[in-house]
Amino acid sequence: MSDEQQTLHAVSEAVNEQEHGVLVSVEGIGPQAQGTPKVLVTMGSDSDLPLMMKAVNTLRNEFGIPCLVQINSVHRDLRSVVRHIENLPESIQVIIACAGGAAHLPGNIADLRADLPVIGVPRDLGALKGVDALLSMVQMPEGAPVAVMAIGDAGAVNAAIHAAKELAIGDPVIKERLQAYAEKRKQRVARQNAGLQNTLQSL
Ligand code: AIR
């Protein structure tokens, strides 16, 4: 098993065992994790986990932000979603919610939690290429906004960055880490330009 598969397996096992979510931080998962969770990363099914680990790993590895991971399905167990979301730890300041298909989880959470920003990540389930999930999330009625990201991997990573930006408003350490992250992106372009002659010759 690769490191990525092992991490995924550990999160999946821990989520299945715990009703109220699993703490994940840069130190580890569940009992190994440290700190208080600032972000809830929730999704309709554990089949969304490979996608949402992109958000979890960006939060913990790039920004050092501990998060709570929890499965919530508004179409399979709506009552438990209401219970979970109404009783989140006080430390949670931002919610990232992913679902595929008729993806009503972020919108429902936006209604349940008028006090917290909700970021939606649409998952591509195949049949409609994720456009179904995107439109389910984005067309919220006035008054309950969901900040919807791109479909798929870019959306999951961007959800974590967006959450970090929201937390950075009151946290200078996260602000610095965001600057460092942006610097790495600039360096990537510089590297591409530095090797451009060779790249052109190889095509
Ligand atoms: N889903 C689960 N409950 C409500 C929704 N929209 C979504 C999950 C997942 C998809 O249904 O978020 O993306 C398929 O789930 P599963 O468990 O069949 O793999």
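Residues numbered from 1 in each chain as written. Predicted model: local features only at pLDDT ≥ 70, side-chain atom pairs only at ≥ 80, totals over all residues.

## Considerations on the site of the ligand
The environment of the ligand is made up of 16 residues, and the closest members are Gly-44, Ser-45, Ser-47, Ser-73 and Gly-100. Taken together, the residues of the shell around the ligand sort by class into six nonpolar, seven polar and three charged. (Near = placed C-beta within 6 Å. Nonpolar A, V, L, I, M, F, W, Y, C, P; charged D, E, K, R; others polar.)

## Here we look at helix H2 (residues 49-63)
Between its first and last C-alpha, H2 extends 20 Å over 15 residues, near the 21 Å set by a 1.5 Å rise per residue. Buried within H2 are the following residues: Leu-49, Leu-51, Met-52, Ala-55, Val-56, Thr-58, Leu-59, Arg-60 and Phe-63. Among the residues trailing H2, Gly-64 stands out with phi positive, at a value near 65 degrees. (Helix = DSSP H or I, 4+ residues; strand = E, 2+ residues; numbered from the N terminus. Expected span 1.5 Å × (residues − 1). Buried ≥ 20, exposed ≤ 12 C-beta atoms within 10 Å, placed from the backbone.)

## Some remarks on the domain arrangement of the protein chain
Under the domain assignment, the protein chain is made up of domain 1 (3-170) and domain 2 (173-203). Inter-centroid distance (C-alpha atoms) of domain 1 to domain 2 is 28 Å. Ranked by residue count, the leading element in the side of domain 1 that touches domain 2 is helix H6 (residues 153-168), at four residues. Classifying every residue of the side of domain 1 that touches domain 2 by side-chain character gives five nonpolar, one polar and two charged. (Domains from an automatic or database assignment.)

## Some remarks on the nonpolar core
By size, the foremost hydrophobic cluster in this structure holds 52 residues, and its most contacted members are Ala-55, Leu-59, Cys-67, Ile-96 and Ala-163. Ranked by residue count, the leading element in this core is H2, at seven residues. The contacts of Leu-59, once residues within four sequence positions are left out, are Val-39, Ile-65, Cys-67, Ala-160, Ala-163 and Ala-164. (Core = buried A, V, L, I, M, F, W, Y, C linked by C-beta atoms within 7 Å. Contact = placed C-beta atoms within 7 Å.)

## Remarks on helix H3 (residues 78-86)
Helical geometry note: an α-helix holds 3.6 residues per turn, so side chains three or four residues apart project in the same direction. When H3 is considered as a whole, its buried residues turn out to be Val-81, His-84 and Ile-85. Projection of H3 onto a plane perpendicular to its axis shows the buried side chains occupying an angular sector of 90 degrees, all on one side. Counted as exposed and oriented over 90 degrees from the buried face of H3: Arg-79 and Glu-86. Buried residues along H3 sit against strand E4 (67-71) and helix H4 (105-112). (Arc of directions from axis to C-beta.)

## Regarding unusual backbone geometry
With the exception of glycine, most residues fall at negative phi, and the peptide bonds are largely trans. One non-glycine residue, Lys-129, lies in the positive phi region at around 60 degrees. Checked against the element boundaries, Lys-129 lands in the loop between strand E6 (118-123) and helix H5 (131-138). Exposure remark for Lys-129: the 13 C-beta atoms within 10 Å place this residue in the partly exposed category.

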